[in-house]
Amino acid sequence: EYLTQPYSQVSGVVRFRNKVHSLANSASFSDEMDEGTERMLHKTMKKVSEDVDAMAFNTAISALMVFTNHLSKLDKAPKEAVEKLVVMLSPFAPHVAE
């Protein structure tokens, strides 16, 4: 299976990129952040910072994916949370974060 589809894992990364792109280009944002989202934002920032320092990039990206999934389930994502998500993503995908 691996030899027939060597790039099969790329589709997950493409879906993640597309989800972040659609979140960032959403027509409507919320000005307020609920407590659960704020808590998750701070946990994600801490995890990404620690993982980057430890050069554990795969787990840092995983934390960003989890946070992105949380934001995409909200009716209106908080603007501040989306902006901070993009800033955290920029070292890994500067072309997306731009």
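Residues numbered from 1 in each chain as written. Predicted model: local features only at pLDDT ≥ 70, side-chain atom pairs only at ≥ 80, totals over all residues. Heavy atoms only, no water.

A short note on the pattern of salt bridges
Where we set the bar: Any carboxyl oxygen of Asp or Glu that lies within 4 Å of a side-chain nitrogen of Lys or Arg is treated as forming a salt bridge with it. Strands are runs of DSSP state E lasting at least 2 residues, helices are runs of H or I lasting at least 4, and numbering of each runs from the N terminus. Relative accessibility thresholds used throughout: buried, under 20% of the residue-type maximum; exposed, over 50%; partly exposed, between the two (1.4 Å probe, protein chains only).
Applying the stated criterion to the full structure yields four salt bridges. The residue Arg39 makes a salt bridge to Glu35 at a minimum N-O spacing of 2.7 Å. One end of the pair, Arg39, and the other, Glu35, are both in helix α2 (residues 35-53), four residues apart, so they sit about a helical turn from each other. Classification of Glu35 as exposed rests on a relative accessible area of 58%. Between Glu80 and Lys84 there is a salt bridge, and its shortest N-O distance comes to 3.0 Å. With Glu80 and Lys84 both in helix α4 (residues 79-89) and four residues apart, the pair spans about one turn of that helix. By relative accessible area, which is 42% here, Glu80 ends up partly exposed.

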